[in-house]
Amino acid sequence: MGLLGAFRRRPGPDAAARARVAEIARRLGGFGPEVSLTVNEIVCADPACPGTETVILVMAPGARSRACKVGKPLEEVTEEDVGAALAC
C-alpha cells in the first residue's frame, strides 16, 4: 500500500444530497434561474468552526456572492437549517 493509501477519507456527499439542499435554498430564497447556487461540504481547520460544515454559495448577477454556512454535514442539513443560513 502506498503512503497515501494509509489515509482513508470519508466519502463525499452524493449529487442527490447537493441537489436537495440547492432546491431548498432556491425555493426558500425565492431565487430565479438567473441566480447560481453551489452546495459544498467542507472541513474547516479553524478551531472556532464546527468541523464539517455545508456551504451554500449564492451568486446573483450584479450582487456580491454570499457564502451561507450550516454547521453540519450535508446529509444532515434540514429545511430549517437552510432557512437560517440564508438569513445571513
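Residues numbered from 1 in each chain as written. Predicted model: local features only at pLDDT ≥ 70, side-chain atom pairs only at ≥ 80, totals over all residues. Heavy atoms only, no water.

**Considering the packing of helix H1 (residues 15-29) against helix H2 (residues 79-86)**
Going by this rule: To define axes, lines are fitted to C-alpha atoms, for helices over the stretch in contact only, and angles between the resulting N-to-C directions are given on a 0 to 180 degree scale. The helix count covers DSSP runs of H or I at least four residues long, the strand count covers runs of E at least two residues long, and both are numbered beginning at the N terminus. Our angle categories are set so that under 35 degrees counts as roughly parallel, over 145 as roughly antiparallel, 65 to 115 as roughly perpendicular, and the remainder as oblique. Helix crossings get a hand from a simple test, with the near helix turned counterclockwise from the far one by less than a right angle marking a left-handed crossing and a clockwise turn marking a right-handed one. In this description, contact between two residues means that some pair of their heavy atoms is separated by no more than 4.5 Å. Under the scheme applied here, ten amino acids are nonpolar (Ala, Val, Leu, Ile, Met, Phe, Trp, Tyr, Cys and Pro), four are charged (Asp, Glu, Lys and Arg), and all others, including Gly, are polar.
With their axes 9 Å apart at the nearest point, H1 and H2 run at an angle of 55° to one another. Judged on the interaxial angle alone, H2 and H1 are oblique. Where H1 crosses over H2, the handedness of that crossing is right-handed. Together, Val-21, Ile-24, Ala-25, Arg-27, Leu-28 and Gly-29 of H1 and Glu-79, Val-82, Gly-83 and Leu-86 of H2 make up the contact between the two elements. Residues of the contact of H1 with H2, tallied by class, amount to 6 nonpolar, 2 polar and 2 charged.

**With respect to the pattern of salt bridges**
Applied cut-off: Put simply, a salt bridge is a Lys or Arg side-chain nitrogen that is within 4 Å of an Asp or Glu carboxyl oxygen. For the exposure calls, accessible area comes from a 1.4 Å probe over protein chains only, and a residue counts as buried if that area is under 20% of its type's maximum, exposed if over 50%, partly exposed in between.
Inspection of the entire model under this criterion finds 3 salt bridges. Close ionic contact of Glu-79 with Arg-27 constitutes a salt bridge, the shortest N to O distance being 3.1 Å. Residue Glu-79 is found in helix H2, and its partner Arg-27 is found in helix H1; the two are separated by 52 residues along the sequence. Judged by relative accessible area, which is 35%, Glu-79 ranks as partly exposed. On the basis of relative accessibility, which here comes to 42%, the residue Arg-27 falls in the partly exposed class. We note a salt bridge from Asp-81 to Lys-72, for which the minimum N-O separation is 2.9 Å. On the accessibility criterion, Asp-81 (18% relative accessible area) is buried. By sharing partners, the salt bridges in this structure join Glu-23, Arg-27 and Glu-79 into a single network.

**What about the confidence of the model for the chain?**
Threshold: Confidence per residue, as judged by the predictor, is encoded in pLDDT with a range of 0 to 100.
Mean pLDDT for the chain: 88, with 85% of residues reaching 70 or above. No element of the chain has a lower mean pLDDT than strand S1 (residues 36-43), at 95, and none a higher one than H2, at 98. Note on residues 1-8: pLDDT under 50 across the span, and 1 contact to partners over four residues away in sequence or across chains.

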